[in-house]
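# A closer look at the structure
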2 protein chains.
Amino acid sequence: MTSVSGNECPLCRAETATVLFRDSLLRVIEVDDADYPGFTRVIVNRHVAEMTDLSAAERQRVMDVVWLVEQAQRATLDPDKINVASLGNMVPHVHWHVIPRWRGDRHFPDAIWAAPKSPAGATASHLEGLRERLTPYRMHLLASLESA
Amino acid sequence: MTSVSGNECPLCRAETATVLFRDSLLRVIEVDDADYPGFTRVIVNRHVAEMTDLSAAERQRVMDVVWLVEQAQRATLDPDKINVASLGNMVPHVHWHVIPRWRGDRHFPDAIWAAPKSPAGATASHLEGLRERLTPYRMHLLASLESA
């Protein structure tokens, strides 16, 4: 398995992203991606490469938080699909991508890691009004995380 | 949310892939991909688009099976990383990709949905000896699924 140490790992260094929620096991951050408003990551705090490096209880807590993110996105952002992925080939420190997707977004129906179908900054109709839904999204997510 | 009905959904039609395991909730199939030996999918049997369309108990069972697949891959195939993803933009019926990855595979360190870094059929050193580990992988996985 990959042996990047904590010192070399960007997810072990001081957080520069907007942290929406943090507890002893994990944190939830906003991803700054103009094409994907609402894109959120759930990051395990300690340096483990794979989900099966965690205990069963920790795995379940991580996934419960991923599902709260998915539910908040569905409740507030009206996406056509949610994409959920833990890859970590470049940064082998467990982090989940939770990505609301819309027909007409830059990669749909491909994964966001595929070649984009439209140029950066091209205005997509699905983005209209989406940014103003981000505050309700954050509020919904925080309320559900804090009551979970 | 996406409204493809069961009749139009390829994951609702008769299975053509090799089914390793099946129960009332889900099935585990082998993905036939020459570049990715060991690539396995966990497919929910009924037609739901998102994990949060399942009950909490069903979600937990699906993820427990995903982790058994990951553990079996780590125990028998010696991958550099495991990729786990539920996307479903093209086929909005919950299915998890569990993909063992190696440095030197066709897309590493990118996601397998990105443009490949080498031509199809190019012999990669990591594939040597891998095919003969597939039988131990299947046996390990089946034993763990049947005892779970």
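Please refer to the structure higher up on the page.
Just so it is clear, the model here is predicted, and its values are computed rather than measured.

For chain A, the helix and strand inventory stands at two helices and five strands. Along chain A, helices (α) and strands (β) appear in the sequence β-β-β-α-β-β-α when read from the amino end. Taken over the C-alpha trace, chain A has a radius of gyration of 16 Å; the compact-globule value for 148 residues is 15 Å, and the two agree within 12%. Taken over 148 residues, chain A has a buried fraction of 53%. Long-range contacts, defined here as pairs at least 24 residues apart, represent 53% of the contacts in chain A between residues at least 6 apart. Carbon and sulfur atoms provide 50% of the accessible area of chain A, an area that totals close to 6,500 Å². For chain A, the distance from the average position of its 16 positive side-chain charges to the average position of its 19 negative side-chain charges is 1 Å.

On the chain A side, the residues contacting the 36 residues of chain B number 36 residues. Interface of chain B and chain A: buried area, both sides summed, is about 3,300 Å²; carbon and sulfur atoms make up 51% of it. Taken together, the links from chain B to chain A amount to four salt bridges. The partner of Asp53 of chain A in a salt bridge is Arg74 of chain B, with the nearest N and O atoms 2.9 Å apart. For the pair chain B and chain A, the interface holds 25 residue pairs in polar contact (both at pLDDT 80 or more). Looking at the side of chain B that touches chain A, the elements with two or more residues in it are helix 1 (56–77), strand 4 (81–86) and strand 5 (95–101) of chain B. Its residues assigned to classes, the side of chain B that touches chain A shows 18 nonpolar, eight polar and ten charged. Pairing analysis gives three bridges linking strand 4 (residues 81–86) of chain A to strand 4 of chain B, with the strands arranged antiparallel. Across the sheet, Ala85 of chain A pairs through a bridge with Ala85 of chain B, a residue of strand 4 of chain B.

Right, let's get into the relation of the copies chain B and chain A. Here chain B sits on chain A after a turn of 180° about the axis and a move of 0.0 Å along it, with an RMSD of 0.0 Å. One copy is carried onto the other by what is essentially a two-fold rotation axis.

So, how was this worked out
Residues numbered from 1 in each chain as written. Chains lettered and ligands numbered in written order. Predicted model: local features only at pLDDT ≥ 70, side-chain atom pairs only at ≥ 80, totals over all residues. Heavy atoms only, no water. Helix = DSSP H or I, 4+ residues; strand = E, 2+ residues; numbered from the N terminus. Rg over C-alpha atoms; globule rule 2.2 N^0.38 Å. Buried < 20%, exposed > 50% of the residue type's maximum accessible area, 1.4 Å probe, protein only. Contact = heavy atoms within 4.5 Å. Areas by Shrake-Rupley, 256 points an atom, 1.4 Å probe, with all protein chains shown as cover. Lys, Arg positive; Asp, Glu negative; His and termini not counted. Charge placed at Lys NZ, Arg CZ, Asp CG, Glu CD. Buried area = accessible area lost by both parts, 1.4 Å probe. Salt bridge = Lys/Arg side-chain N within 4 Å of Asp/Glu carboxyl O. Polar contact = N/O pair within 3.5 Å; in protein donor to acceptor, adjacent residues only side chain to side chain. Nonpolar A, V, L, I, M, F, W, Y, C, P; charged D, E, K, R; others polar. Pairing = 2+ DSSP bridges. Least-squares fit on C-alpha atoms with pLDDT ≥ 70 in both.

Taken by themselves, the reported measurements are silent on function.
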